Amino acid sequence: MFRNGPLLALYAGAVTLALLGEVRAQAAAERQVYQPSLGDLMTMAIQPRHIKLGLAAREKNWAYAAYELRELQSAFQRVARTVPVYKSTDMAGLIIATTSAPMEDVAAAIKAGDSGKFDEAYAQLTETCNACHQSTATK
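Residues numbered from 1 in each chain as written. Predicted model: local features only at pLDDT ≥ 70, side-chain atom pairs only at ≥ 80, totals over all residues. Heavy atoms only, no water.

A few points about the overall build of the protein
For the protein, the count of helices and strands is 5 helices and 2 strands. Written out in order from the N terminus, the α and β elements of the protein read α-α-α-β-β-α-α. Scaling as 2.2 N^0.38, a compact globule of 139 residues should have a C-alpha radius of gyration of about 14 Å, whereas the protein reaches 27 Å, well beyond that. When burial is assessed residue by residue, the protein has 28% of its 139 residues classed as buried. A sequence separation of at least 24 residues applies to 55% of the contacts in the protein between residues at least 6 apart. Carbon and sulfur atoms form 59% of the exposed surface of the protein, whose accessible area is close to 9,600 Å². One way to put it: in the protein the 14 positive side-chain charges average out to a point 9 Å from where the 13 negative ones average out. (Helix = DSSP H or I, 4+ residues; strand = E, 2+ residues; numbered from the N terminus. Rg over C-alpha atoms; globule rule 2.2 N^0.38 Å. Buried < 20%, exposed > 50% of the residue type's maximum accessible area, 1.4 Å probe, protein only. Contact = heavy atoms within 4.5 Å. Areas by Shrake-Rupley, 256 points an atom, 1.4 Å probe, with all protein chains shown as cover. Lys, Arg positive; Asp, Glu negative; His and termini not counted. Charge placed at Lys NZ, Arg CZ, Asp CG, Glu CD.)

Written as structure tokens, this is what we have:
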């Protein structure tokens, strides 16, 4: 009976290793990396920054408005890196082409601490965003 002991132990070890390998393979297959959609990114990263930017300016907190503008610009860059192409549209190119001028105007209004100019520039930025949503059919 003991003569087969090492053979039995070897067999048991092989079965255990095979089962562990299968469990690891299943666990890896079940762990899928979350890949947010463009809509998710807009809701999580862009929209809150846009809103905070407007609220900061309403309170004439120009330092915070400048911070939120930088965060909004960074969020747009992250969106473009995460979703480089959406419905055959180059997102980086679209974002740069549509938001650069309005964001420059927002930045100038913030630097000047001019609420009237900020309101105009912010409205233009919002219109630009809305036009982009309509052009990519993401209303």
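Overview of the pattern of salt bridges
Within this structure, the stated rule accounts for 2 salt bridges. Between Glu 68 and Arg 49 there is a salt bridge, with the nearest N and O atoms lying 3.2 Å from each other. Here Arg 49 lies in helix H2 (residues 38-58) and Glu 68 lies in helix H3 (residues 62-82), a separation of 19 residues in the sequence. One exposure class covers both Glu 68 and Arg 49, and it is buried. Each of Arg 49, Glu 68 and Glu 71 takes part in one network of salt bridges that share partners. (Salt bridge = Lys/Arg side-chain N within 4 Å of Asp/Glu carboxyl O.)

With respect to the nonpolar core
The biggest cluster of nonpolar side chains holds 30 residues, and the ones touching the most others in it are Leu 53, Phe 76, Val 106, Ile 110 and Phe 118. For this core, the secondary-structure elements that each account for two or more residues are H2, H3, helix H4 (91-112) and helix H5 (115-135). Dropping the residues within four chain positions of it, Ile 110 is found in contact with Leu 53, Trp 62, Ala 65, Ala 66, Leu 69 and Phe 118. (Core = buried A, V, L, I, M, F, W, Y, C linked by side-chain atoms within 4.5 Å.)

Considerations on a nonpolar patch on the surface
A cluster of nonpolar residues, Leu 8, Tyr 11, Val 15 and Leu 19, forms a patch on the protein surface that exposes about 440 Å² of accessible area. Within the element layout of this structure, Tyr 11 appears in helix H1 (residues 5-30). (Patch = residues over 30% accessible without salt bridge, like charges linked within 9 Å, V, L, I, M, F, W, Y side chains within 5 Å.)

Some details on the layout of surface pockets
Gaps between atoms show up when a probe of the same size as a water molecule is rolled over them. In this structure, the largest pocket spans a volume of roughly 430 Å³. As for the largest pocket, its lining consists of 22 residues, and the residues nearest its centre are Met 42, Ile 46, Gln 47, Cys 129 and His 133. Of all the secondary structure elements, the ones that give two or more residues to the lining of the largest pocket are H2, H4 and H5. A per-element tally of the lining of the largest pocket places H2 first, with 8 residues. Tallied by class, the residues present in the lining of the largest pocket amount to 10 nonpolar, 12 polar and no charged. Approximately 200 Å³ is the volume attributed to the second largest pocket. Gln 73, Phe 76, Gln 77, Ala 80, Ala 92, Ile 95, Ile 96, Thr 99, Ser 100 and Met 103 are the residues that line the second largest pocket. Contributions of two or more residues to the lining of the second largest pocket are made by H3 and H4. (1 Å grid on protein atoms, 1.4 Å probe; cavity = no way out; pocket = protein on both sides within 12 Å on 5 of 7 lines; lining within 4 Å. Points joined across faces, edges and corners; volume = space filled by probe spheres on them. Nonpolar A, V, L, I, M, F, W, Y, C, P; charged D, E, K, R; others polar.)

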